[in-house]
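Residues per chain, in single letters:
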Amino acid sequence: MSVLADRLRAEVERMRPGERLPSSRSLVERHRVSPVTVSRALGLLAAEGLVVTRPGSGAFAADRPAPRPSGTAADLSWQAVALGDRSVDSSGVSWLLTPAPDGAVALSGGYLHPSLQPVRALADAAARAARRPAAWEMAPLGGLPELRTWFARTVGGGVSPGDVLITSGGQQSLTTVLGALLPPGAPLLVESPTYLGVLAIARAAGLHPVPVPVDADGVRTDLLAEAFAMTGARVLYCQPTFHNPTGAVLSAERRARVLDIARTAGAFVIEDDFARHLGIESGPPPLVARDDDGRVVHIASLTKATAPSLRVAAVIARGPVAERIRATQLVEEFYPARPLQETLLELVSSPGWLRHLRAVRTALASRRDATRDAFARSLPHVRVNRPAGGFHLWARLPDGTDDTDLAEAALRAGVLVSAGRPFFPAEAPAPYLRVSYGTAASETELAEGVRRLATVLPAP
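The structure contained in this document is the topic of the report that follows. (Residues numbered from 1 in each chain as written. Predicted model: local features only at pLDDT ≥ 70, side-chain atom pairs only at ≥ 80, totals over all residues. Heavy atoms only, no water.)

**Some details on the pairing of strand 11 (residues 313–316)**
- Every second residue of strand 11 is oriented toward a common face, with Ala313 and Val315 on one face and Ala314 and Ile316 on the other, all of them buried.
- Here 4 bridges tie strand 4 (residues 164–167) to strand 11, and the two strands are oriented antiparallel to one another. Bridge pairing links Ile166 to Ala314 in strand 11.
- Pairing between strand 10 (residues 296–301) and strand 11: 4 bridges, direction antiparallel. Considered in strand 11, the bridge of Ser301 is made with Ala313. (Buried < 20%, exposed > 50% of the residue type's maximum accessible area, 1.4 Å probe, protein only. Helix = DSSP H or I, 4+ residues; strand = E, 2+ residues; numbered from the N terminus. Pairing = 2+ DSSP bridges.)

Rendered as structure tokens:
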């Protein structure tokens, strides 16, 4: 279809506005394609504004705007004054979402390689969902009741379906929750390092991220109380299970301490539980399952364990904060697309869902160990952790290494990795790389990616 569209596009550009294109039958005979291909190609050109179709009459070359005089360009400088000094920095998120160039090994990214995604199961689920009589009707406010019930049961504790709000993915959930909880200019406590997507959201909303260091057992609670006291913050954002980028799991003792500290500070805890279904080893129950007073706002996302475009998640909250979040979502987006909600419900209700999670867990364990072995062979002077879940290694580089320059050099050498610096809300205490073992095509490719990385990071 694209080849035919290209040919017709060139032909239309030589025609006068209003001139009639050959009939569909003539195009079928001339280009030896099916009527469906001709129809789709003409539809594409119509969407581009190059042709106008008139039922019963055919397709005609559309009017084209007069070309701008050579050498002139619109003066858009007025926008600088109108927009003011506020800006949105998407560079870090853009790096994570940009596919690796052809020939490069992807050791960076936020989603499973397609070979690990439940593509066939999703296709079957989407087909079943699309056949439901109400699939294209307005979704119930708050989300499909059956899906809310599934999330409540999965999280456990005292969570009820009424506490669950279905949302349009984890990133949108963070935007909605932060907008509901904090006004512009407010401080937001975050782990350091942390998910750089939340830093982008916070800064775009005029919030001030305040770092609280993380170690192998998660956020350092010995510094958390001090951070609350010094800043007057009323919200902590954290990832207690399979933290991104370090893979840390908040210890049981610290989990209780986080809730105690937040209670003393009169603050909320946003629990980003994006990786629970990517556990190589079993993770502890979420914070919200042991929350007795509505302290925790829990975000549960399944995108990481399924596919990038299955953008459905859940926010779990209780009390007035839940009403605030629901109202914010309603004003911002009405509700998530019902066909995606129906598809997710079909997927998690199918017998293949648990099989998929077991397969992903097995694959991630093997890939993690293979990547660590590749580091031991090719980069023995780089320390890498052994996360219990998720799909990222956190690699400590030799002192004096510029991790941003290294990531750019690695890309030129044919391997995509993420510099550690953007994951820190303030100064980075040391150079790091985030290396993803869930995004490459195979364990062989993982080893090749580490080998290429070694060519730009020689031993000291």
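Alright, that's what it looks like, and here's the rest.
**Considering the nonpolar core**
- Ranked by size, the top nonpolar core spans 84 residues in total, and within it Leu107, Phe151, Leu189, Phe228, Leu344 and Phe375 carry the most contacts.
- The biggest single contributor to this core is helix 14 (residues 352–378), with 8 residues.
- With 26 residues, the next largest nonpolar core counts Leu207, Tyr237, Ile270 and Ile325 among its residues. (Core = buried A, V, L, I, M, F, W, Y, C linked by side-chain atoms within 4.5 Å.)

**Some thoughts on the packing of helix 2 (residues 24–31) against helix 3 (residues 35–47)**
- Remark: helix 2 packs on helix 3, axes separated minimally by 9 Å, with the N-to-C direction vectors making an angle of 115 degrees. Taken together, helix 2 and helix 3 sit at an angle that is classed as roughly perpendicular. Helix-helix and strand crossings are classified by hand; for helix 2 and helix 3 the assignment is right-handed. Taking contact as the criterion, the partners of Ser24, Leu27 and Val28 in helix 2 are, on helix 3, Pro35, Val38 and Leu42.
- Along the lines of polarity and charge, the residues of the contact of helix 2 with helix 3 split into 5 nonpolar, 1 polar and no charged. (Axes fitted to C-alpha atoms, helices over the stretch in contact; angles between N-to-C directions. Parallel < 35°, antiparallel > 145°, perpendicular 65-115°, else oblique. Left-handed = near helix turned anticlockwise from the far one by under 90°. Contact = heavy atoms within 4.5 Å. Nonpolar A, V, L, I, M, F, W, Y, C, P; charged D, E, K, R; others polar.)

**Here's the deal with the sheet that holds strand 6 (residues 208–215)**
- The strand order across the open sheet built from 8 strands is 4-11-10-9-8-5-6-7, with neighbouring strands paired in mixed fashion. Across the chains shown, the open sheet's two edge strands, defined by having one partner strand only, are strand 4 and strand 7 (218–219).
- In the sheet, strand 5 (residues 187–192) pairs with strand 8 (residues 235–238) via 2 bridges, with the strands oriented parallel. Along strand 8, the bridge assignment pairs Val190 with Tyr237.
- Contacts from helix 9 (residues 196–204) reach strand 5, strand 6 and strand 8 within the one sheet, and its direction differs from that of strand 6 by about 160 degrees.

**A look at helix 9**
- For helix 9, every residue scored as buried is listed here: Leu196, Gly197, Val198, Leu199, Ile201 and Ala202.
- Those residues of helix 9 that are buried lie in contact with helix 5 (91–97), helix 8 (170–181), strand 5, strand 6 and strand 8.

**Considering the pairing of strand 13 (residues 392–396)**
- Among the 5 residues of strand 13, 5 are classified as buried, and the element is accordingly described as predominantly covered.
- Residues His392, Trp394 and Arg396 of strand 13 are buried on one face, and the alternating residues Leu393 and Ala395, pointing to the opposite face, are buried as well.
- The sheet contact formed by strand 12 (residues 383–384) and strand 13 spans 2 bridges and is antiparallel. Bridge assignment links Val384 to a residue of strand 13, and that residue is Ala395.

**Some points on the side chain of Lys304**
- Inspection of the secondary structure puts Lys304 in the loop between strand 10 and strand 11.
- Of the side chains with opposite charge, Asp272 lies nearest to the buried Lys304, which makes no salt bridge, at 8.5 Å.
- Within the structure, Lys304 has its side chain in polar contact with the backbone oxygen of Gly110 (distance 2.9 Å).
- Discounting residues that sit within four places of it in the chain, Lys304 has contacts with Gly110, Tyr111, Leu112, Phe274, Leu278 and Phe391. (Lys, Arg positive; Asp, Glu negative; His and termini not counted. Salt bridge = Lys/Arg side-chain N within 4 Å of Asp/Glu carboxyl O. Polar contact = N/O pair within 3.5 Å; in protein donor to acceptor, adjacent residues only side chain to side chain.)

**Here's the deal with the pattern of salt bridges**
- If you walk through the whole model with that rule in mind, you get 21 salt bridges.
- Notably, a salt bridge pairs Arg220 with Asp222, separated by 2.7 Å at the nearest N-O pair.
- Here Arg396 and Asp399 are joined by a salt bridge, their closest N and O atoms 2.8 Å apart.
- Here Arg396 falls in the buried class, since its relative accessible area comes to 18%.
- Through salt bridges with shared partners, one network takes in Arg128, Arg132, Arg338, Glu342 and Glu346.

Treat this as a map of the structure, not an account of what it does.
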